[in-house]
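So the chains spell out like this:
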Amino acid sequence: MSGTIALTAGTACLISAVAVVPLRRLALRWDLTDQPGGHKAHASPTPYLGGVAITVGTVAPTAVALGVADLQITAILLAAAAVSLLGLIDDFSPLPALTRLTVETVVAVGVVLSGVQATVTGTWLDPVLTTVWIVVMTNSFNLLDNMDGALGVVTAVAAVLLAVTATLQGHVALAVLLAALTCACLGFLPYNWAPARVFMGDSGSLFIGFTLACSATVLVAGRPPDATIAGLFLPTFVATVDTCVVFLSRLLTGRSPLQGGTDHVSHRLRRAGLGTRWVAVTLGVITAFTGVLCLATALGRLSPLVATVVAGAIAGGLVGLLRDMSVRVSVRTPQPLQRIRERRR
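Computed from a predicted structure; not experimentally measured. (Residues numbered from 1 in each chain as written. Predicted model: local features only at pLDDT ≥ 70, side-chain atom pairs only at ≥ 80, totals over all residues. Heavy atoms only, no water.)

Chemist: Sorry if this is basic, but what is going on with the packing of helix α2 (residues 50-66) against helix α3 (residues 71-92) here?
Modeler: For any two helices packed against each other, the geometry is given by the interaxial angle and the distance between the axes. Remark: α2 packs on α3, axes separated minimally by 11 Å, with the N-to-C direction vectors making an angle of 160°. Judged by the inter-axis angle, α2 sits roughly antiparallel to α3. Considering how the two elements wind past one another, α2 and α3 form a crossing that is left-handed. For the pair α2 and α3, contact is made by Val 52, Thr 55, Val 59, Thr 62, Ala 63 and Leu 66 and by Ile 73, Leu 77, Ser 84 and Leu 88, respectively. Of the residues assigned to the contact of α2 with α3, the class counts are 7 nonpolar, 3 polar and no charged. (Axes fitted to C-alpha atoms, helices over the stretch in contact; angles between N-to-C directions. Helix = DSSP H or I, 4+ residues; strand = E, 2+ residues; numbered from the N terminus. Parallel < 35°, antiparallel > 145°, perpendicular 65-115°, else oblique. Left-handed = near helix turned anticlockwise from the far one by under 90°. Contact = heavy atoms within 4.5 Å. Nonpolar A, V, L, I, M, F, W, Y, C, P; charged D, E, K, R; others polar.)

Chemist: Would you mind going over a nonpolar patch on the surface with me for this structure?
Modeler: On the surface, a nonpolar cluster with roughly 610 Å² of combined accessible area is contributed by Val 120, Trp 124, Leu 125, Val 128, Leu 129, Val 132 and Val 136. As for its placement among the helices and strands, Val 120 is situated in the loop between α4 (97-113) and α5 (125-144). Classification of Val 120 by relative accessible area gives partly exposed; the value is 31%. (Patch = residues over 30% accessible without salt bridge, like charges linked within 9 Å, V, L, I, M, F, W, Y side chains within 5 Å. Areas by Shrake-Rupley, 256 points an atom, 1.4 Å probe, with all protein chains shown as cover. Salt bridge = Lys/Arg side-chain N within 4 Å of Asp/Glu carboxyl O. Buried < 20%, exposed > 50% of the residue type's maximum accessible area, 1.4 Å probe, protein only.)

Chemist: Please explain the environment of Thr 11 as it appears in this structure.
Modeler: Of note, Thr 11 is situated in helix α1 (residues 2-29). Taking relative accessible area as the criterion, Thr 11 reaches 30% and is therefore assigned partly exposed. Separated by 47 residues in sequence, Thr 11 and Thr 58 have C-alpha atoms that sit 8.9 Å apart.

Chemist: Would you mind going over the environment of Thr 130 with me for this structure?
Modeler: Checked against the element boundaries, Thr 130 lands in helix α5. Take Thr 130: its relative accessible area is 3%, and that puts it in the buried class. Along the primary structure Thr 130 and Thr 119 are separated by 11 residues, whereas in three dimensions their C-alpha atoms are 8.5 Å apart. Once residues lying within four places of it in the same chain are set aside, the contact partners of Thr 130 are Val 112, Val 116, Gln 117, Ala 118 and Thr 217.

Chemist: Whenever I open this one, the nonpolar core confuses me. Can you help?
Modeler: Soluble globular proteins: nonpolar side chains tend toward being buried together. If you look at the biggest cluster of nonpolar residues, it comprises 90 residues, and the most contacted ones within it are Ile 54, Phe 141, Ile 208 and Phe 210. Ranked by residues supplied to this core, first place goes to helix α7 (residues 172-192) with 14 residues. Sequence-distant contacts of Phe 141, defined by excluding residues within four places in its chain, comprise Leu 151, Val 154, Ser 205, Ile 208, Gly 209, Leu 212, Thr 236 and Ala 239. With 5 residues, the next largest nonpolar core counts Val 153, Val 157, Leu 161 and Leu 189 among its residues. (Core = buried A, V, L, I, M, F, W, Y, C linked by side-chain atoms within 4.5 Å.)

Chemist: Would you take a moment to explain the packing of α2 against helix α8 (residues 201-220) for this structure?
Modeler: For the pair α2 and α8, interaxial distance at closest approach is 6 Å and the crossing angle is 40°. Judged by the angle between their axes, α2 and α8 are oblique. Listed contacts from α8 to Gly 51, Val 52, Ile 54, Thr 55, Thr 58 and Val 59 of α2 are Ser 203, Gly 204, Phe 207 and Ile 208. Within the contact of α2 with α8, the residues separate by chemical class into 5 nonpolar, 5 polar and no charged.

Chemist: I would appreciate a short explanation of the side chain of Thr 131 in the present structure.
Modeler: Mapped onto the fold, Thr 131 is located in helix α5. A relative accessible area of 10% means that Thr 131 is categorised as buried. Apart from residues no more than four positions distant in its own chain, Thr 131 is found in contact with Thr 105, Ala 108, Val 109 and Val 112.

Chemist: How should I be thinking about the environment of Ala 307 in this particular structure?
Modeler: For Ala 307, the location among the structural elements is in helix α13 (residues 304-324). Remark: the alpha-carbon pair of Ala 307 and Thr 290, spanning 17 residues in sequence, is separated by 8.5 Å. If sequence neighbours within four positions are ignored, Ala 307 has contacts with Leu 234, Leu 293, Thr 297 and Leu 302.

Chemist: What am I meant to see in the packing of aromatic side chains here?
Modeler: How two aromatic rings sit relative to each other is given by the distance of their centres and the angle of their planes. As enumerated under the stated definition, the model contains 3 aromatic pairs in all. Ring geometry for Tyr 48 against Phe 199: centres 6.3 Å apart, planes inclined by 45°, an arrangement best described as tilted. Taken as a pair, Tyr 48 in the loop between β2 (46-47) and α2 and Phe 199 in the loop between α7 and α8 lie far apart in primary sequence, 151 residues in all. Take Phe 199: its relative accessible area is 1%, and that puts it in the buried class. (Phe/Tyr/Trp six-rings, centres within 6.5 Å; stacked < 30°, edge-to-face > 60°.)

Treat this as a map of the structure, not an account of what it does.
Structural data, given as structure tokens:
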């Protein structure tokens, strides 16, 4: 089966890398671009649609390699593709938040009904908690896509470590999916590395968040509550911290947590003196550290409680430190076909 994983991963990388070029040209023709201005680093309009390459690069080879034999993986692929389509529509014309959340919840429920469910309470609450967690993480990764290369690096690192965990635990089909996601991001990353020539847009970031959240849930199904919490929290550490920093800082300053701005972790790291590429690398290193902790707990080499406490302490320190870090916040209203994103460096 290792040959299938390698072939699927290689095909995913090739599809993603090749598809980015015509998609970039198409986005420029349709004027589906992020316009420069304000505190943005790019000097010319930068196209979206890179996320379509990631989605196709992940879904197509995985579907060919696995077919429909595995109900859970099939459900994840179909639901993730639907979420990516939702993001693509949102890239063209911004959708109301309620519409997005409703669609995400419906497809998340579909995945949960297929058997993808975390065991936290051992009661009827678990399907509800799993659905909420998938939706929250989907949007947390969407928020994390705010700087060149950042989400691509975080995803590649998190997905490959989850793929190793899945392989060692015997979840071969899931390992195939995660390997494809890893290499689809790697195929896209050269075009998104600072200075980015293309952005993934909501179609890519929502797809990534949904796929990673569901994959982590598959790996913790049936495990004790402490192992479940560690298995969900550690792979999504960076996205979780970023969301906490943003929501906390906005609530404390009387702003809406749902309003866009330049107060994410990546923006704060830039204000601290790191270059755009170093921000992406830093977030990748943090993801690797927590991902290794997750792998160690899955292999029984480290107590889930210890790993969670260590990561929680680090998260608390980062949230406090980054929240207090001076950052100039800029807010602009999205415009159809020329979405003004949170890419202020």
